[in-house]
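# Examining the three-dimensional arrangement
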Amino acid sequence: MISMVDWKDKRDPHPLTWSEQNKLFDALPEHLRDASLYKVNTGCRQQEVCQLRWEWEFHIPELKTSVFILPGSITKNGQERVVALNSVAMAMVNRQRGKNEEFVFTYRGSPITKLNNTGWKNARKKVGLEGVRVHDLRHTTGRRLRAAGVSNETRKDILGHEGGNITTHYSVAEIRELVDAVELIAIESSDSTPSLTLIRIGGSNQNHAKLTQGNKKGLA
């Protein structure tokens, strides 16, 4: 019998403080900063950011915003899910419009293959945050949602955890709940000067979300 070796090298999650986020993101190249801001405001996994496509964006006129519907091929649990965008995430998406016809986040015309690259490693070393991993941005999202009083059920839906209720059958009211929840973490606090400058760039999308106005039905 072969026993598993315990290397004791598993690091604990490192949710970022706002000060750490600002220092790290200011040191990142622009394309990584935009993608990282999108990631920390949506809680998406790395592949869900790097492989994000425009064809997955759906505009919701009732809420004057968009969501992305991710196919099961790139989600961890293999199920389609909806990604709600707060004002910061939406601003980062708008900044990418017109750069690439297929992929949202790109660098020099090609899709970003990963966030944990040389630019990320150099930036975190420069600001003394060598221990921060790309996945810690997702931990940061979860921690901030919890601190903002967002329920465990809604956090699961936002982060795409297994056992969450929102897939691709949803009502406008349900999406509004998710959008309102992620908007709570868009800035440091409602009574302080925002530490992030939102860039508003106009843009339209012809896709429309598959909405059901009635009760939730057929959720996987």
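Heads up: the structure comes first, above all this text.
So, here is what we can say about the structure in this document. All residue numbers refer to position in the chain's written sequence, counted from 1. Per-residue local features are limited, in this predicted model, to residues with pLDDT of at least 70; the limit for side-chain atom pairs, both in listing and counting, is 80 or more; totals at the level of whole chains, interfaces and linings are taken over all residues. Water and hydrogen atoms were dropped before computing side-chain values, which therefore reflect all heavy atoms in the structure.

## Here we look at the overall build of the protein chain
A tally of regular secondary structure across the protein chain gives eight helices and five strands. A run of H or I in DSSP becomes a helix once it reaches four residues, and a run of E becomes a strand once it reaches two; helices and strands are each numbered from the N terminus. Moving toward the C terminus, one meets the helices and strands of the protein chain in the order α-α-α-β-β-β-α-β-β-α-α-α-α. Each of the 220 residues in the protein chain was classed as buried or not, and the buried ones make up 48%. Only heavy atoms matter for contacts: two residues are in contact if any of them lie within 4.5 Å across the pair. When contacts within the protein chain are restricted to residue pairs at least 6 apart in sequence, those whose partners lie at least 24 apart make up 71%. Computed with the Shrake-Rupley method and a 1.4 Å probe, the accessible areas treat only the protein chains shown as cover for residues. Of the accessible surface of the protein chain, which amounts to about 11,900 Å², a share of 47% is contributed by carbon and sulfur atoms. Buried, partly exposed and exposed residues are distinguished by accessible area as a fraction of the type maximum, computed with a 1.4 Å probe on protein chains only: under 20%, between the cut-offs, and over 50%, respectively.

## Some words on unusual backbone geometry
Although it is not a glycine, Lys-64 sits at a positive phi angle of roughly 55°. With respect to the helices and strands, the residue Lys-64 is situated in the loop between strand 1 (57-60) and strand 2 (65-70). By relative accessible area, which is 76% here, Lys-64 ends up exposed.

## Notes on the packing of aromatic side chains
Each Phe, Tyr or Trp ring (for Trp, its six-membered ring) is paired with any other whose centre lies within 6.5 Å, and the angle between the two planes then decides the class: stacked below 30 degrees, edge-to-face above 60, tilted in between. Here the structure, examined in full by the defined rule, presents one aromatic pair. Think of it as a cone above the ring: NZ of Lys or CZ of Arg counts as a charge over the ring if it is within 6 Å of the ring centre and within 35 degrees of the ring normal. Stacked on the ring of Trp-18, the Lys or Arg Arg-144 has its end atom at 3.8 Å from the ring centre.

## Focus: helix 1 (residues 18-27)
The periodicity of an α-helix, 3.6 residues per turn, causes residues three or four positions apart to be oriented the same way. Of all the positions in helix 1, only Trp-18, Glu-20, Gln-21, Asn-22, Leu-24 and Phe-25 are classed as buried. Of the surrounding elements, those touching the buried residues of helix 1 are helix 2 (30-42), helix 5 (118-126) and helix 6 (136-147).

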